[in-house]
Each structure stands twice: as structure tokens, then as C-alpha cells.
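# Commentary on secondary and tertiary structure
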Amino acid sequence: NQNVSIPDEAIYQGMRRTEWPGRFQILGENPLVIVDGAHNEDAARRLEENIQTYLQSKPVIGVMGVFKDKVYKKIIEIMKPYLDYVYTIDLPNKERTLDRRELVKALNAQGIGAEDCESVEKALEKAKKSAKDGQAVLVFGSLSYLGEVIRLEVEEKGDKRLLKILKRELSVSTEDIYEISGPLDLTFLMKMYGMSGFDHLKEPFYTPQPVPAVMNE
């Protein structure tokens, strides 16, 4: 055992930079798309707290899939105040999944409007289209299908060597890579500029200088 002094600031920065994929993870904006693998009562309670804290308890459009051996009725009960409408899907594990039509019935029984969809892609597409101005889309209920929502988009004719590195470092399978024929949405990168600890990577701030000839006119 060694006595190592760790500054409070170091602990704070470490916690601030910690990421937990699939736990209230923001995947897109306009509309805001959030994924959370809340699949039991405790996880649903934590999700509820995040909705209250970060979304000010505003109702969301849900995409939901659950295992039939989970306490899905309790999860629905906890989430009920925050669900405006829900699109249900089947999970990849066909033996354990609660049929999406049965999930619709369970949601309806608690007064929540719902519609079943044959795939995650269609459910997410419908949810994004039905989200009102400023309303978030929440994908939740199980960690098992979040890989179908979290995907890596790359340029269709991009560098294959770079793609190989990304697959290795991000632990992404080939099935989760989507080649896009057109411009990629890189607006999320703007958030990185405001992160502390990387000032040495930023270009010095430049103040445009007026042209003397123009100033004299």
C-alpha cells in the first residue's frame, strides 16, 4: 500500500470526462436523440432522474424494446409521466424478447399511446418525425439493441486504413458501419472545442486586422 495524493481537481476532471455508452447518451440533435439501456427498476429510476434534471421532466417520444423476463410493467409505470408516445420493437434475441405488439398492449394499459414497428430503424424514423419542436426522442428498455442505434457513419470513399483503425479503437463491428454517399454531419465536433484540457491543440485566437488602405478611405 502506497500513500498517493490525488488532487481533488484531478478526481473532478476524471469524473467529468467519464463516459458510459448507452446511459443517457446523446446521439443526435434536432431532434435530440438519447439512448439509455434502462432495463430494470433501478436503471429506470436513474433514467427518470436524468429526465427530470436535463429535460426538465418534459415528455419525450419513446422507442422501446424489452425482454419478457424483465419487470417491464414497472419500467412503464416509472416512465409513464414522461412518455408522450412510444414506438415498440422486438429485440434481437427472439426467444427472450417481449413481442412488440404485447408491449403496445402493456403501454396502452397504463394510458400511453403506442405503435409497433418491424425494425429499430423504422421506429426511430417515425419517432424523429413525430417529435414536436424541442421534443426529445428516447430509445430505452434494453442494452441488447442499442448497437442498432449507435452506429459509425463514414464517407463512402474514405480512407480504408483509417476505417480499420477506427474499427479497432472503437470496437465497432462491420455491421455497425454505414457508408454515407454525401456530406457527413460533423456538427457534434463543435462541442469538443469547449472541452478543457486540450488548449494546446487549438490554434491561437486571431483578431482580423483592417486593411490600412480601406481605413483611409
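Everything discussed here concerns the structure shown above.
None of these values were measured; they are calculated from a predicted model.

## Concerning helix H4 (residues 100-109)
Of all the residues in H4, the buried ones are Arg100, Leu103, Val104, Ala106 and Leu107. Along H4, the residues classed as buried sweep out an arc of 165° about the axis, all on the same side. Exposed side of H4, more than 90 degrees from the buried face: Lys105 and Ala109 are the residues found there. Against the buried residues of H4 lie strand E3 (60-64), helix H3 (72-79), strand E4 (83-88) and strand E5 (114-116).

## A short note on the packing of helix H2 (residues 41-54) against H3
Axis separation between H2 and H3 bottoms out at 9 Å; the angle between their running directions is 15°. Relative to H3, the element H2 lies roughly parallel. Taken as a pair, H2 and H3 cross one another with a handedness that is right-handed. On H3, the residues touching Glu41, Ala44, Arg45, Leu47, Glu48 and Ile51 of H2 are Lys74, Ile75, Ile78 and Met79.

## Regarding the packing of aromatic side chains
Per the stated rule, a full pass over the model turns up two aromatic pairs. Ring plane angle 35° and centroid distance 5.8 Å describe the contact between phenylalanine 24 and tyrosine 54, whose orientation is recorded as tilted. Separated by 30 residues along the polypeptide, phenylalanine 24 in the loop between helix H1 (8-17) and strand E1 (25-28) and tyrosine 54 in helix H2 bring together distant segments of the chain. For phenylalanine 24, a relative accessible area of 16% puts it in the buried group. A relative accessible area of 53% means that tyrosine 54 is categorised as exposed. Note that arginine 96 overlies the ring of phenylalanine 67, its terminal NZ or CZ placed 3.8 Å from the centroid.

## Things to note about the nonpolar core
Residues Met64 and Leu107 are the most contacted members of the largest nonpolar core, which totals 29 residues. For this core, the secondary-structure elements that each account for two or more residues are H2, E3, H3, E4, H4 and strand E6 (137-140). In terms of residues, this core owes the most to one element, H3, which gives five residues. Setting aside anything within four residues of it in sequence, one finds leucine 107 in contact with Met64, Ile76, Leu83, Val86, Thr88, Ile112 and Ala114. In terms of nonpolar packing, the next biggest core, distinct from the first, is built from 17 residues, Val35, Val63, Ile89 and Tyr145 among them.

Calculation notes
Residues numbered from 1 in each chain as written. Predicted model: local features only at pLDDT ≥ 70, side-chain atom pairs only at ≥ 80, totals over all residues. Heavy atoms only, no water. Buried < 20%, exposed > 50% of the residue type's maximum accessible area, 1.4 Å probe, protein only. Helix = DSSP H or I, 4+ residues; strand = E, 2+ residues; numbered from the N terminus. Arc of directions from axis to C-beta. Contact = heavy atoms within 4.5 Å. Axes fitted to C-alpha atoms, helices over the stretch in contact; angles between N-to-C directions. Parallel < 35°, antiparallel > 145°, perpendicular 65-115°, else oblique. Left-handed = near helix turned anticlockwise from the far one by under 90°. Phe/Tyr/Trp six-rings, centres within 6.5 Å; stacked < 30°, edge-to-face > 60°. Lys NZ or Arg CZ within 6 Å of the ring centre and 35° of its normal. Core = buried A, V, L, I, M, F, W, Y, C linked by side-chain atoms within 4.5 Å.

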